[in-house]
Amino acid sequence: MILLEVKNLTKSFGGLVAVKNVSFKVKKGEIVGIIGPNGSGKTTLINCITGFLKPTSGKVYFKDIDITGKPPYKIVTYGIARTFQIMRPYYSLPAYKNLIIPLMSKRVKKYGGWRGITIHGDRDSVAIDILEELGFERDAKVPYKLAGNLPTGYLKRLELGRALCLNPELLICDEIFSGLTLSEISSMIPLIKKLNSTGLTLIMIEHRLKELFEVANRIIALSYGEKIAEGIPEEVIENEKVKEAYLGV
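Residues numbered from 1 in each chain as written. Predicted model: local features only at pLDDT ≥ 70, side-chain atom pairs only at ≥ 80, totals over all residues. Heavy atoms only, no water.

A word on the environment of Ile80
Residue position: Ile80 is located in strand β6 (residues 80-82). Taking C-alpha positions, Ile80 is 9.8 Å from Leu4, a pair spaced 76 residues apart along the chain. The residues touching Ile80, leaving out its near neighbours within four places in the chain, are Thr50, Phe62, Ile67, Ile75, Pro168, Leu170 and Ile172. (Helix = DSSP H or I, 4+ residues; strand = E, 2+ residues; numbered from the N terminus. Contact = heavy atoms within 4.5 Å.)

Here we look at the pattern of salt bridges
Opposite charge on two side chains permits pairing when their charged atoms draw close. A complete count under the given rule lists 13 salt bridges for this structure. For Glu30, the salt bridge is made with Arg218, and the minimal N-O distance between the two is 2.7 Å. Of this pair, Glu30 sits in the loop between β2 (16-27) and β3 (31-35) while Arg218 is found in strand β9 (residues 218-223), placing the two residues 188 residues apart along the sequence. By relative accessible area, which is 13% here, Glu30 ends up buried. Each of Glu30, Arg218, Lys227 and Glu230 takes part in salt bridges that share partners, so that together they form one network. (Salt bridge = Lys/Arg side-chain N within 4 Å of Asp/Glu carboxyl O. Buried < 20%, exposed > 50% of the residue type's maximum accessible area, 1.4 Å probe, protein only.)

Some words on the nonpolar core
Counting 49 residues, the largest nonpolar core has Leu158, Leu160, Leu171, Met188, Leu202 and Met204 as its most contacted members. A total of six residues in this core trace back to one element, the largest contributor, which is helix α7 (residues 182-197). The contacts of Leu158, once residues within four sequence positions are left out, are Pro89, Ala95, Asn98, Leu99, Leu131, Phe136 and Ala147. Core analysis: the second largest hydrophobic core is formed by 25 residues, Leu9, Val22, Ile75 and Ile203 among them. (Core = buried A, V, L, I, M, F, W, Y, C linked by side-chain atoms within 4.5 Å.)

Quick notes on the pairing of β2
As defined by bridge partners, strand β1 (residues 2-13) adjoins β2 across eight bridges and the pair is classed as antiparallel. Bridge pairing in β2 links Phe13 to Leu16. Turn length for the β1-β2 hairpin, with the two strands adjacent in sequence and antiparallel, is two residues, and the turn residue Gly14 shows positive phi of about 65 degrees. (Pairing = 2+ DSSP bridges.)

Quick word on helix α5 (residues 123-133)
When α5 is considered as a whole, its buried residues turn out to be Val126, Ala127, Ile128, Ile130 and Leu131. Elements in contact with the buried residues of α5: α3 (100-103) and α6 (152-164). Phi turns positive, to about 105 degrees, at Gly135, one or two residues after α5.

Focus on unusual backbone geometry
Here Asn21, not a glycine, exhibits a phi torsion of approximately 55 degrees, which is positive. Tracing the sequence through the fold places Asn21 in strand β2. Overall, the relative accessible area of 47% leaves Asn21 in the partly exposed class. With a phi close to 55 degrees, Glu175 is a non-glycine residue in the positive phi region. Using a relative accessible area of 8% as the deciding quantity, one classes Glu175 as buried.

The structure is reproduced here in structure tokens:
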């Protein structure tokens, strides 16, 4: 089943074309990686898909519904959630309190939350349960700590938790591995695989290719806003255009 289809998507900023005529499909249950050097258009592409930017031309379909140019608060109701490269939690609130707002969303009220959790009970308990599943140690009181006092590894998981509260069918992660130590990345990889094993479809923008290739079924490579390669990781990494984009040779 095709979950997401992007057709001839283009985004221009005046005379600068950030994304040029990009097309691809994402099947339900896949993990699709999007790679490319800095400035290749990866985040702009995701911003167009998720409604933070309106495409100049082209179409975005989710489950055959045209969502092109719809605002983020509408797109999330269809079942698309995302994380951000620059995390902006409510730093003055405890970690679990950061999940309360998404747990009050229209999508959760209509379809229930992640893992079928309902919001008719205590939202605080639900939020803590979600964070515990993502690696927040309840016994060590980590869910109760202020977000502003948490290290990057926990903040990345908190970002995941806020998105997962919305019970998405498609989760888009913008550099979920960036800023993490090697040990934190090692613990994040099994979590990504576990989420995917439950049926969650993922699109991952990443610069850490080794770790991305460990989890992704398929890779899309961008350069200067254009798609230059698509296929399984082993094929894409050997593509001459990809080598030239990264290495200049």
